[in-house]
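Structure at a glance
Residues per chain, in single letters:
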Amino acid sequence: ENGELNVNVHPWVGESWQRSRQEKIATGIVKSPKILDGQSLGIRQKRHQRVIQYLHSLCDASHTFLSAQKLNVLFTDEEGYVLSVFGGYVSSFSKFQVGQRISEEDIGTTSLPIAYLRQVSFVLFAQEIWQNWLEIGWMGTAPITLDESVRYGITFVSDSELANLEVASNMLEVFRTS
């Protein structure tokens, strides 16, 4: 809690907390997120259009399930910019915006930069996420790699503590291997 290291903290989370602290990223203040302007976002979305369409079809087919599980899905590019959001659970949807960058440099520790850095699926619980104003239960990211470098991220975001974590963990692996 509050970025304090202890035996219950995964070492990767602790490393990210240390970097967030060194960068002096505040934990309780809503910092204006770095958001792309419309033209820059459009260029990125056009460049990744086929992948976005594919993910839309997967998420559209799962909309009822995502809503029932109170899950939202963020699709990010290699730099951590949100290219698209899916799902139907309004509360956590409003925490992240299309065009926003979710990077350690911008908002501190989340599952996305850890998953990108380590190239593994990674889940963080509320108390591990640097920005306590996000008020989410957990978030988990599966990096999608091509030619051994991260090109995309699929992040599930939930307001609930644990109820849907097992389901989302399985979905992260499905998306990662699709």
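Scroll up a little and you will see the structure.
Residues numbered from 1 in each chain as written. Predicted model: local features only at pLDDT ≥ 70, side-chain atom pairs only at ≥ 80, totals over all residues. Heavy atoms only, no water.

Here we look at the overall build of the protein
Helix and strand content of the protein: 8 helices and 5 strands. From first element to last, N terminus to C terminus, the protein shows the α and β order α-α-α-α-β-β-α-α-α-β-β-β-α. Looking at the protein as a whole, 46% of its 178 residues are labelled buried. A sequence separation of at least 24 residues applies to 58% of the contacts in the protein between residues at least 6 apart. For the protein, the accessible surface area stands at approximately 9100 Å², while carbon and sulfur atoms represent 51% of it. (Helix = DSSP H or I, 4+ residues; strand = E, 2+ residues; numbered from the N terminus. Buried < 20%, exposed > 50% of the residue type's maximum accessible area, 1.4 Å probe, protein only. Contact = heavy atoms within 4.5 Å. Areas by Shrake-Rupley, 256 points an atom, 1.4 Å probe, with all protein chains shown as cover.)

Brief notes about helix H1 (residues 11–22)
Taking 1.5 Å as the rise per residue, H1 with 12 residues should run 16 Å; its terminal C-alpha atoms sit 16 Å apart, in good agreement. All of the buried residues in H1 are Val13, Gly14, Ser16, Trp17 and Ser20. In an axial view of H1, the angular spread of the buried residues amounts to 165 degrees, which keeps them on one side of the axis. Of the exposed residues in H1, those oriented more than 90 degrees away from the buried face are Pro11 and Gln22. The inward-facing, buried residues of H1 abut helix H6 (104–107), helix H7 (111–118) and strand S3 (122–125). Following H1 by one or two positions, Lys24 has its phi on the positive side, about 60 degrees. (Expected span 1.5 Å × (residues − 1). Arc of directions from axis to C-beta.)

Topic: the pairing of strand S4 (residues 138–146)
Strand residues, when the strand is regular, have side chains that alternate between the two faces of the sheet. Counting buried positions along S4 yields 7 of 9 residues, so the element is predominantly enclosed. Summarising the sheet, S3 and S4 pair through 4 bridges and their orientation is antiparallel. Each bridged residue has a counterpart across the sheet, and for Phe125 the counterpart in S4 is Trp138. Between the end of S4 and the start of strand S5 (residues 149–158), which pair antiparallel, lie 2 residues, with Asp147 showing a positive phi angle near 50 degrees. (Pairing = 2+ DSSP bridges.)

Thoughts on unusual backbone geometry
Its identity is not glycine, yet Gln119 carries a phi of approximately 55 degrees, on the positive side. Looking at the secondary structure, you find Gln119 in the loop between H7 and S3. Gln119 gets classed as partly exposed once you look at its relative accessible area, which sits at 32%. Positive phi, normally seen in glycine, also occurs at Asp147, with a value near 50 degrees.

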